[in-house]
Amino acid sequence: MKMDSLVLLLGFLLLTLFSQRFSLPVVVALDLKNTTRYNKQVSTLRLERIEKHLNKINKPPVMTIQSPDGDMIDCVHKRKQPALDHPLLKNHKIQKVAPEMPKVMKTMKPSSSSSQSENDTVKGKTGGIAWGHQTWHTNGTRCPRGTVPIRRTTVSDILRAKSLFDYGKKSQRRTNVNVNRHADAPDVVSGNGHEHAIAYSGSSNEVYGARATINVWTPAIEQMNEFSLSQIWVLSGSFDGTDLNSIEAGWQVSPELYGDSRPRLFTYWTTDSYQATGCYNLLCSGFVQTNSRIAIGASISPVSSYASDQFDVTILIWKVHTRFILLNSPSAYDPKLGNWWMGYGENNLVGYWPAALFTHLADRATMVEWGGEVVNTRSTGEHTSTQMGSGHFAEDGFGKASYFRNLEIVDSDNSLSSVREVSTLAENTNCYNIKSSYNNDWGTYFYYGGPGRNPKCQ
């Protein structure tokens, strides 16, 4: 009997060691409307790789702030942030002196009576989110000077991704679908399920940045690996090749990336058409953060409500042209500068993408896009019901449809001017659409979005 017990004990110990080495059950919680939870078998080797990656991107904090939405915000010394791990930034000195903000040059057009009456309604109901308010600000705790706030990445965050390599990355744009569009239209059509409703500027002029104000919603997401975002793209390079450079910023709902359904401030960059370079937020080295009050990847609040109050945020991406510096402050010229800066809210500089990261964008951009993007996985064989914007079509208008207003371009003189005309593109207007217009207060603007699957969108 004792021998049998010993054999059973040894067998149990061997089984335990084997299971620890090759397969470990891990519970990953997903707060998609606070309802979904699943189990995932993960090998110890994969967990070791994930922990190694987390040690690389989660830098030792000076202090940590617990956000009411569950995020952990680490206050990391600015010289210890992930950006400086990039091979091209090994000897990078963080730009201490902020560049001169672009000057605003208003361009007026006559407004129709219908546009003006709409705008009179807008005045009393829209509100900018105060200095870019984020949920983690609620308890009043701030990161100390000399540090930057970074949303902590967890094992669960990475396990939701398809793989460690794919974590924090967009899938590559492909071009195997044709739609009717202008010859100069951006080739955003993708065979990997990405759908868009965008406005874009042509590539005839030199572009040094763009700005817009976007109202924030909480679109419903059908599948965990789908997302809905609203953003600005600043682009240069070829849409047909592998050298497209893109700088992007806006708000996004992505259960896979963040583990919940809250709208969050995000950034993205790539220099090779989303193949290997770049990432979301600070999930790889590259973007240099300088602001101690704005956390990239943190949730935004408050958000807009249907037929009620509307809340919006202003996003600015720009660089100061070297010719402008030489003409106005030649002593301040540094050939290593020319970085692409990001502004959030009213005159809040978040940080910059160093020019050294880019090829085509090292000098200037050739195209700007504004608008929405969703992922349609067709997991059930039908079009997704993932919403874009507010989930309502453009023709529903103010208070119901999502909008971009005051579309502006930065020129070589570091001036912001209203975009006089834009072209628009949507791959499937039965699912998501876009309608642009102009008035004196909102300049060039558009409504966009849609519900996804419906009787005309299958």
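As shown above, the structure is provided for reference.
Residues numbered from 1 in each chain as written. Predicted model: local features only at pLDDT ≥ 70, side-chain atom pairs only at ≥ 80, totals over all residues. Heavy atoms only, no water.

**A few points about the sheet that holds strand E4 (residues 72-77)**
Then, in step 1: Read across the open sheet, the 3 strands follow the order E3-E4-E7; overall the sheet is antiparallel. Each edge of the sheet is formed by a strand with only one pairing partner; in this case those strands are strand E3 (63-66) and strand E7 (147-151). Ignoring which end each strand starts from, the neighbouring axes of this sheet average 30 degrees apart.
Then, in step 2: Bridge count between E4 and E7: 5 bridges; the pairing is antiparallel. (Pairing = 2+ DSSP bridges. Helix = DSSP H or I, 4+ residues; strand = E, 2+ residues; numbered from the N terminus. Axes fitted to C-alpha atoms, helices over the stretch in contact; angles between N-to-C directions.)

**Observations regarding the side chain of Ser236**
Then, in step 1: Residue position: Ser236 is located in strand E10 (residues 228-236).
Then, in step 2: Residue Ser236 is classed as buried on the basis of its relative accessible area, which comes to 6%.
Then, in step 3: Setting aside residues no more than four positions away along its own chain, Ser236 makes contact with Asp243, Leu244, Asn245, His360, Leu361, Arg364, Ala365 and Thr366. (Buried < 20%, exposed > 50% of the residue type's maximum accessible area, 1.4 Å probe, protein only. Contact = heavy atoms within 4.5 Å.)

**A few points about the environment of Ser308**
Then, in step 1: Following the sequence through the fold, Ser308 ends up in the loop between strand E13 (288-289) and strand E14 (310-318).
Then, in step 2: C-alpha separation for the pair Ser308 and Gly399, spaced 91 residues apart in sequence, amounts to 6.2 Å.

**Digging into the sheet that holds E10**
Then, in step 1: With antiparallel pairing, 6 strands are arranged side by side in an open sheet as E12-E11-E10-E17-E8-E20. Two strands lie at the open edges of the sheet, namely strand E12 (264-270) and strand E20 (423-426), each paired on one side alone. Across the sheet, the axes of successive neighbouring strands diverge by a mean angle of 15 degrees, strand direction being ignored.

**Comments concerning the packing of aromatic side chains**
Then, in step 1: Summed over all chains, the structure comprises 16 aromatic pairs.
Then, in step 2: Aromatic pair Trp442 and Tyr445: ring centres 5.2 Å apart, planes at 90 degrees, arrangement edge-to-face.
Then, in step 3: By relative accessible area, Trp442 is classed as buried at 4%.
Then, in step 4: On the accessibility criterion, Tyr445 (4% relative accessible area) is buried.
Then, in step 5: Ring plane angle 85 degrees and centroid distance 5.9 Å describe the contact between Tyr445 and Tyr447, whose orientation is recorded as edge-to-face.
Then, in step 6: By way of ring pairs, the aromatic residues Phe398, Tyr403, Trp442, Tyr445 and Tyr447 are connected into one cluster.
Then, in step 7: Sitting over the ring of Phe165, Lys169 keeps its end group 5.2 Å from the ring centre.
Then, in step 8: In this structure, Lys170 is placed above the aromatic ring of Tyr268, and the distance from its NZ or CZ to the ring centre is 5.6 Å. (Phe/Tyr/Trp six-rings, centres within 6.5 Å; stacked < 30°, edge-to-face > 60°. Lys NZ or Arg CZ within 6 Å of the ring centre and 35° of its normal.)

**Quick word on the pattern of salt bridges**
Then, in step 1: Counted under the stated rule, the structure contains 16 salt bridges.
Then, in step 2: Note that Glu222 and Arg453 form a salt bridge whose closest N and O atoms lie 3.1 Å from each other. Note that Glu222 is positioned in the loop between strand E9 (209-215) and E10 and Arg453 in the segment after strand E22 (443-449), a separation of 231 residues in sequence.
Then, in step 3: Glu222 sits in the partly exposed class, given a relative accessible area of 22%.
Then, in step 4: Since its relative accessible area comes to 29%, Arg453 is described here as partly exposed. (Salt bridge = Lys/Arg side-chain N within 4 Å of Asp/Glu carboxyl O.)

**Description of the state of the cysteines**
Then, in step 1: Evaluated as defined, the whole model comprises 3 disulfides.
Then, in step 2: Cys75 shares a disulfide with Cys143; S-S distance 2.1 Å. Torsion about the S-S bond of the Cys75 and Cys143 cystine: about -80 degrees, corresponding to left-handed handedness. Linking Cys75 in strand E4 with Cys143 in the loop between strand E6 (126-128) and E7, this pair joins segments that are 68 residues apart in sequence.
Then, in step 3: Here Cys431 is linked by a disulfide to Cys457, with a sulfur-sulfur distance of 1.9 Å. Where Cys431 bonds to Cys457 through sulfur, the torsion about that S-S bond is close to 95 degrees, and the disulfide is right-handed. Residue Cys431 is located in the loop between E20 and strand E21 (433-439), and its partner Cys457 is located in the segment after E22; the two are separated by 26 residues in the primary sequence.
Then, in step 4: When its relative accessible area of 1% is taken as the criterion, Cys457 is described as buried.
Then, in step 5: What links to what in the protein chain: the bonded cysteines, counted in sequence order, pair as 1-2, 3-4, 5-6. (Disulfide = S-S within 2.5 Å.)

**Points about helix H2 (residues 44-57)**
Then, in step 1: For H2, with 14 residues, the first-to-last C-alpha span of 20 Å sits near the 20 Å given by 1.5 Å per residue.
Then, in step 2: Along H2, the positions that sit buried rather than exposed are Thr44, Leu47, Ile50, Leu54 and Ile57. Viewed end-on, H2 has its buried residues packed into an arc of 145 degrees, placing them on one side of the element. Counted as exposed and oriented over 90 degrees from the buried face of H2: Arg49, Lys52, Asn55 and Lys56. (Expected span 1.5 Å × (residues − 1). Arc of directions from axis to C-beta.)

**Section: the environment of Gly259**
Then, in step 1: Tracing the sequence through the fold places Gly259 in the loop between helix H5 (255-258) and E12.
Then, in step 2: Gly259 gets classed as buried once you look at its relative accessible area, which sits at 10%.
Then, in step 3: Spatially, the C-alpha atoms of Gly259 and Met224 are 8.6 Å apart, while their sequence positions differ by 35 residues.

**Notes on the pairing of strand E8 (residues 194-201)**
Then, in step 1: Summarising burial for E8: 8 of the 8 residues are buried, a large majority.
Then, in step 2: Every second residue of E8 is oriented toward a common face, with His194, His196, Ile198 and Tyr200 on one face and Glu195, Ala197, Ala199 and Ser201 on the other, all of them buried.
Then, in step 3: In this structure, E8 lies alongside strand E17 (residues 367-375), joined through 8 bridges in antiparallel fashion. The residue bridging Ile198 from the neighbouring strand is Gly371, located in E17.
Then, in step 4: Strand direction decides the pairing type here: E8 and E20, joined by 4 bridges, are antiparallel. Looking at E20, one finds that Ala199 is bridged to Thr424.

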